[in-house]
Amino acid sequence: MVGAVRVSRPFHGGLNTAELKALGLRRDEVVDFSASINPVGVSPRLMNAIRHMDLSTYPDPDCVQLRNALSEKLGILPELILVGNGSTELIHLVARARLGQGDVAAVFAPTFGEYEAACRLQRVAPHFVGATSEKWFRWDIPEAARRLAQLRPAVAYICNPNNPTGAYLEPDQIEACARAVGDTGLLVLDEAYASFVDERWNSTFLLELGNVVLIRSMTKDHGLTGLRLGYMLAPVRLVREMSPFQPTWSVNAVAQAAGVAALEDPDHVEEGRRVVKAAREYLVREIRGLGLACAPPTANFLLVEVGNAAEIRLELLRRHGLCVRDCTSFGLPGHIRIGVRGMDDSRRLISALADVIGG
């Protein structure tokens, strides 16, 4: 196609079927630490709702029931909510609505690869607001705000807490970045992992600034990786601006029903948080006890410096049937990311790490 944009698909966590086959492994033999989701799995209430779905009818293109349920839970108007087929669709939706050739975009890095991909598909090469390794890739926010004020980007993406570094910005830091972007730009705050932060804060007040979009993932909170479900919170005018770029029936009926059922079972998410907190404390202590450097933990994943990430990942998978995330695609070839699972799996991982790094 003349003028087509060619962008490589970003690399993500999760098990690779072709790789497992080459190694002679079955999916059910491998414990996946490369994805960061609720470790207690899917709520029984949610599974029951899915079983009773009528698949012969079209889904509601406006996701009214789910938006109303989210509205009640969050205490905000349903008109400020746009439901998407996972948070990744919403990341791309913002780029399609707001970016074109000649526009400026900014991405706080190192981070999730879909932000850059979304920009490049709109023929925009993003400017990266980088962080240095001396502080475990925490950004210098005053300097970052100065950079944003100079760039005046049409869109700026921040992941909070950041994947894979775990950097978690405070309200005043995010607000400083939003003000630096200016009235004509848009700050996109991706909060996919925020539910697993112990000292998390409510970001909805940022909507009052008028240039902030919040993106959240129900996939991570409720273990819905196979369904894909997320939502955007934004001022009404921005929801109206974004929604025409979304395909009709983007969110299928099963995902919508699952989302409503998930919101009716808040204890399930709380249980996941408890499991994450206990296993995270254990993993950090034991990883550091092995002589490995581990970033200060914030969410349900850990960034660990191992030297040769690709080699360590392969040996854990090949010898022990454990899959972690090689962070080379983030520009961190010396690091792996570990999604926090339950205590039994965590003990198995520590034993395997000790074996692999010991030779």
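Residues numbered from 1 in each chain as written. Predicted model: local features only at pLDDT ≥ 70, side-chain atom pairs only at ≥ 80, totals over all residues. Heavy atoms only, no water.

1. Remarks on the overall build of the protein chain
Then step 1. A count of helical and extended segments in the protein chain gives 13 helices and 13 strands.
Then step 2. For 359 residues, the compact-globule formula gives about 21 Å, and the C-alpha radius of gyration of the protein chain, at 20 Å, lands near that figure.
Then step 3. C-alpha atoms of the protein chain, sized along the principal axes, occupy 55 × 55 × 45 Å.
Then step 4. Classification of the 359 residues of the protein chain by burial places 55% in the buried group.
Then step 5. Accessible surface for the protein chain amounts to roughly 16,100 Å². Of this, 49% is attributable to carbon and sulfur atoms.
Then step 6. Taking the average location of the 39 positive side-chain charges in the protein chain and that of its 41 negative ones, the two points are 3 Å from each other. (Helix = DSSP H or I, 4+ residues; strand = E, 2+ residues; numbered from the N terminus. Rg over C-alpha atoms; globule rule 2.2 N^0.38 Å. Buried < 20%, exposed > 50% of the residue type's maximum accessible area, 1.4 Å probe, protein only. Areas by Shrake-Rupley, 256 points an atom, 1.4 Å probe, with all protein chains shown as cover. Lys, Arg positive; Asp, Glu negative; His and termini not counted. Charge placed at Lys NZ, Arg CZ, Asp CG, Glu CD.)

2. Considerations on helix α12 (residues 309-320)
Then step 1. Its 12 residues give α12 an end-to-end C-alpha distance of 16 Å, which sits within 8% of 16 Å, the value for a rise of 1.5 Å per residue.
Then step 2. Elements in contact with the buried residues of α12: α1 (17-22), β11 (322-323), β12 (325-326), β13 (335-339) and α13 (343-357).
Then step 3. The N-capping residue of α12, defined by a side-chain oxygen 3.3 Å from the backbone nitrogen of alanine 310, is asparagine 308. (Expected span 1.5 Å × (residues − 1). Contact = heavy atoms within 4.5 Å. Polar contact = N/O pair within 3.5 Å; in protein donor to acceptor, adjacent residues only side chain to side chain.)

3. A closer look at the sheet that holds strand β6 (residues 186-190)
Then step 1. Pairing is mixed in the open sheet, where seven strands are placed in the order β2-β8-β7-β6-β5-β3-β4. Strands with a single pairing partner mark the edges of an open sheet, and in this sheet they are β2 (81-84) and β4 (127-129). Adjacent strand axes in the sheet meet at a mean angle of 20°, parallel and antiparallel pairs treated alike.
Then step 2. Bridge count between strand β7 (residues 212-217) and strand β8 (residues 230-233): four bridges; the pairing is antiparallel. Opposite leucine 214, over in β8, you have leucine 233 as the bridge partner.
Then step 3. The strands touched by helix α3 (residues 64-74) within the sheet are β2, β7 and β8, with β2 carrying the most contacts at an inclination of about 125°. (Pairing = 2+ DSSP bridges. Axes fitted to C-alpha atoms, helices over the stretch in contact; angles between N-to-C directions.)

4. Some details on the pairing of β6
Then step 1. With respect to burial, β6 is a largely interior element, five of its five residues being buried.
Then step 2. The two faces of β6 match: Leu186, Val188 and Asp190 on one face and Leu187 and Leu189 on the other face are all buried.
Then step 3. Note: strand β5 (residues 155-159) against β6, five bridges, orientation parallel. Following the sheet pairing, alanine 156 is matched in β6 by leucine 187.
Then step 4. Note that the unit made of β5, helix α7 (residues 171-181) and β6 has a crossover that is right-handed.
Then step 5. Relative to β7, β6 runs parallel, the two sharing four bridges. Looking at β7, one finds that aspartate 190 is bridged to isoleucine 215. (Right-handed = clockwise from strand over helix to strand, strands pointing away.)

5. Here's the deal with the packing of aromatic side chains
Then step 1. Tallied over the entire structure, the rule returns seven aromatic pairs.
Then step 2. Ring plane angle 80° and centroid distance 5.6 Å describe the contact between phenylalanine 112 and tyrosine 115, whose orientation is recorded as edge-to-face. Take phenylalanine 112 and tyrosine 115: they sit in the same class, and that class is buried.
Then step 3. An aromatic cluster of at least three residues, connected via ring pairs, comprises Phe112, Tyr115 and Tyr157.
Then step 4. The ring of phenylalanine 33 is capped by arginine 341, whose NZ or CZ atom sits 5.8 Å from the centre of that ring.
Then step 5. In this arrangement the basic side chain of arginine 347 is found over the ring face of tyrosine 282, its NZ or CZ atom lying 6.0 Å from the centre. (Phe/Tyr/Trp six-rings, centres within 6.5 Å; stacked < 30°, edge-to-face > 60°. Lys NZ or Arg CZ within 6 Å of the ring centre and 35° of its normal.)

6. A look at the packing of α12 against α13
Then step 1. It is at 10 Å that the axes of α12 and α13 come closest, and there the two elements cross at 115°. Between α12 and α13, the angle falls in the class roughly perpendicular. You can see that α12 and α13 cross each other, and the crossing is right-handed. Within the contact between the two elements, α12 uses Ile312, Glu315, Leu316, Arg319 and His320 and α13 uses Arg348, Leu349, Ala352, Leu353, Asp355, Val356 and Ile357.
Then step 2. For the contact of α12 with α13, the residue count by class is seven nonpolar, one polar and four charged. (Parallel < 35°, antiparallel > 145°, perpendicular 65-115°, else oblique. Left-handed = near helix turned anticlockwise from the far one by under 90°. Nonpolar A, V, L, I, M, F, W, Y, C, P; charged D, E, K, R; others polar.)

7. Brief notes about the environment of valine 260
Then step 1. Along the polypeptide, valine 260 turns up in helix α10 (residues 253-263).
Then step 2. Look at valine 260 and you get buried, because its relative accessible area is 12%.
Then step 3. Here the alpha-carbon distance between valine 260 and glycine 339, two residues 79 residues apart in the chain, equals 26 Å.

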